[in-house]
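# What the coordinates show
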Amino acid sequence: MNLFKRIYTNIEPEVKRFPGVVISTVVAALSLFVLRVSYSISLDSNHFISVMSKSSMWSVAFLIFVSFLTEFILKNKSDEKKSRRISLIVQTVSLFICYVPMYFLFSLKNIYFWNFYLCSIAAMIAMTFFFAGKIHNFEDVIPGFVSAFVISLIILLCVSAGLCLILWAVDSLLFSLDSNYFLAVFTGCFFVVFINCTLAYSTRNFSSEKIAKPFKAIVKTLLFSLYIILVFVIYAYLIKSIFTKKIPVGKINWLVSFVSAFYLFFQLSLKKYTDDRVVSFFYKSGFLILIPLITIQCIAVGIRVNAYGLTVLRYESILYIIFSVIVLILSSFKNGEYIKYVYPVFAFMLMMACVTPLNLEDVPRRDHIKRIERIYKSHGMFKDNSFITENAGNVLSEDEKAVVCGSYDYLSRDSVSPLWQNWSSDSKQFEQLFGFKYSGLYDYPEIAKDFVMHKYMVVTGRYVLDVSRYSTMEPIAYTDVDENHNIFIFDKDLTKYDVTKFMQGYLKDEGTEVLDEPLVWEISDGIYAIVTKVDINLPRSGTSTTLDAITGFLAR
């Protein structure tokens, strides 16, 4: 009990300072706990609690952001009591803003909303750092947060481990508990303990030697040294590529992204240690080291985009490269004096990627539409939003067919359809739309020789499923195929069910098949598989089967 009392004593000032955040973390913890351990609640109640948990997660970020924004606005006000009352009023109003509109927004079930949900959380966190720096000192923001993060993580592990040990004792000695209780307890501790402790400790003064010395030892002495070694390794890899005459395309994007991310981290956290010659050089000329790396990264991403078109991930890579270039520009002036403005820049780019025409969904979609149209226009085979398909199989080259099939695969999985006449996301209608037979193998001639075919089935859009006859539902844990090509799915207890006979009818032809509603198979007495997606590779010759995933639920 002394441990909990000491933790609360340490965070009590912040509990009084951010009551709205505490309320939201408690609501999120309780909602997620109920969702994890309760199997008897109705679908309406389940939806309501699920929305409450997601709204609470968003409200935590929103309330922290609003609180710091309010403190920044009231920073120079002399009446501290009045400022605190205004802050409490703002947090109270913000609670209603978080929960009421968000409840209705969640009913949209729209990918645009989910992008807004995640991007806005990240943007608010970035702006919280910015206003924290404005209120206190930018040099202390990241060191203070990192120190608070580590302390809070230790507290989280101790508290959750203790509670899980109690649950294990109850499960072993008194009565059986579902394994979900352990995950629910950890999730609850994360929201109530970890977030509130991180907020409490990160808003304290971390410039004291008690915190500065271990931070300097870990970040400056250890991590910064490892970072320098990583940069040398990547440069060695690039020099090797020059001699082997192979352009690094696959791995280089991720490696350079890590390097530029840590470059930003060190720019924001090592300002106090510029008396060190290496750190001083890093602030004065470190951006020059990254220029060749980001140049190679641009070439690598450009090769992928030119060959296969934009995807959400590649578009994110492009935006991240633009952000990295901005970071280099900001850090190149006055020894990183302007690097603090990276927070609003990052927030702006996040919001641009979710609420403008340059969002993460529309830009890749438009790119794939233009790729297909460009090919047909080059042959004079596109008119009035329709493809002229006569003799298209002979006119189009194999490379052009590969582009059409690849872009079609991307568009057929998208929730918004192109404005072409006779468009269908069902690959059975592919030949009617484009004038040649679909194949997912144009990009893989070496695989095509082995007669491998690809089958993809997915439920798109909304659907109504009657679950009144089921008492429990759980996600399909994973799938497997044995040496005799029998296909199995597994529940959470690793009990396997043979679904080979149910799959055989769908494996007669390849391509994408859009399902209006989930497939429901009675795989055992009283046990049903509700399948929402199948992604499978198989040979036409029948020699082997490679199953990527069967996604859905097991109902009883």
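Residues numbered from 1 in each chain as written. Predicted model: local features only at pLDDT ≥ 70, side-chain atom pairs only at ≥ 80, totals over all residues. Heavy atoms only, no water.

### A short note on the pattern of salt bridges
All told, the structure shown has 5 salt bridges when counted by the stated rule. Its salt-bridge partner being K272, residue D140 comes within 2.5 Å of it at the nearest N-O pair. Note that D140 is positioned in helix α6 (residues 138-173) and K272 in the loop between α9 (252-269) and α10 (277-308), a separation of 132 residues in sequence. The class for D140 is buried, based on a relative accessible area of 18%. For K272, a relative accessible area of 35% gives the class partly exposed. (Salt bridge = Lys/Arg side-chain N within 4 Å of Asp/Glu carboxyl O. Helix = DSSP H or I, 4+ residues; strand = E, 2+ residues; numbered from the N terminus. Buried < 20%, exposed > 50% of the residue type's maximum accessible area, 1.4 Å probe, protein only.)

### With respect to the environment of L268
Along the polypeptide, L268 turns up in helix α9. With 125 residues separating them in the primary sequence, L268 and P143 have C-alpha atoms 8.5 Å apart. Not counting chain neighbours up to four residues away, the residues in contact with L268 comprise F138, I142, P143, Y283, I339, V342 and Y343. (Contact = heavy atoms within 4.5 Å.)

### Overview of the confidence of the model for the protein
Per-residue confidence for the protein gives a mean pLDDT of 79; residues scoring 70 or more make up 83%. Note on residues 444-452: pLDDT under 50 across the span, and 13 contacts to partners over four residues away in sequence or across chains. (pLDDT = per-residue confidence, 0-100.)

### Examining the environment of I321
Tracing the backbone through its elements, the reader meets I321 in helix α11 (residues 312-331). The spatial distance from the C-alpha of I321 to the C-alpha of S260 is 9.0 Å, given a sequence separation of 61 residues. If sequence neighbours within four positions are ignored, I321 has contacts with I294, Q297, C298 and V301.

### Quick word on the packing of aromatic side chains
Scanning the entire structure with this criterion turns up 34 aromatic pairs. Relative to F62, the ring of W58 lies with its centre 5.1 Å away and its plane at 15 degrees, an arrangement referred to as stacked. Here W58 and its partner F62 are both found in helix α3 (residues 43-73), 4 residues apart, which amounts to about one turn of the helix. For F62, a relative accessible area of 14% corresponds to the buried category. Considering the side-chain rings of F224 and Y227, the 6.4 Å spacing of their centres and the 20 degrees angle between planes classify their relative orientation as stacked. One end of the pair is F224 and the other is Y227, both in helix α8 (residues 209-244) and 3 residues apart, which spans about a single turn. Under the relative-accessibility criterion, Y227 is labelled buried at 6%. (Phe/Tyr/Trp six-rings, centres within 6.5 Å; stacked < 30°, edge-to-face > 60°.)

### A word on the sheet that holds strand β5 (residues 478-481)
Reading across from one edge, β5-β6-β7 is the order of the 3 strands in this open sheet, with antiparallel pairing throughout. This sheet does not close on itself; its edge strands, each paired only once, are β5 and β7 (496-498). Recorded for the sheet is a direction-independent mean angle of 30 degrees between the axes of neighbouring strands. (Pairing = 2+ DSSP bridges. Axes fitted to C-alpha atoms, helices over the stretch in contact; angles between N-to-C directions.)

### Section: the side chain of T25
Within the fold, T25 resides in helix α2 (residues 19-37). A polar side-chain atom of T25 sits 2.7 Å from the main-chain carbonyl oxygen of V22. Residue contacts for T25: discarding those within four places in its chain leaves V60, F191, V192, I195 and N196. (Polar contact = N/O pair within 3.5 Å; in protein donor to acceptor, adjacent residues only side chain to side chain.)

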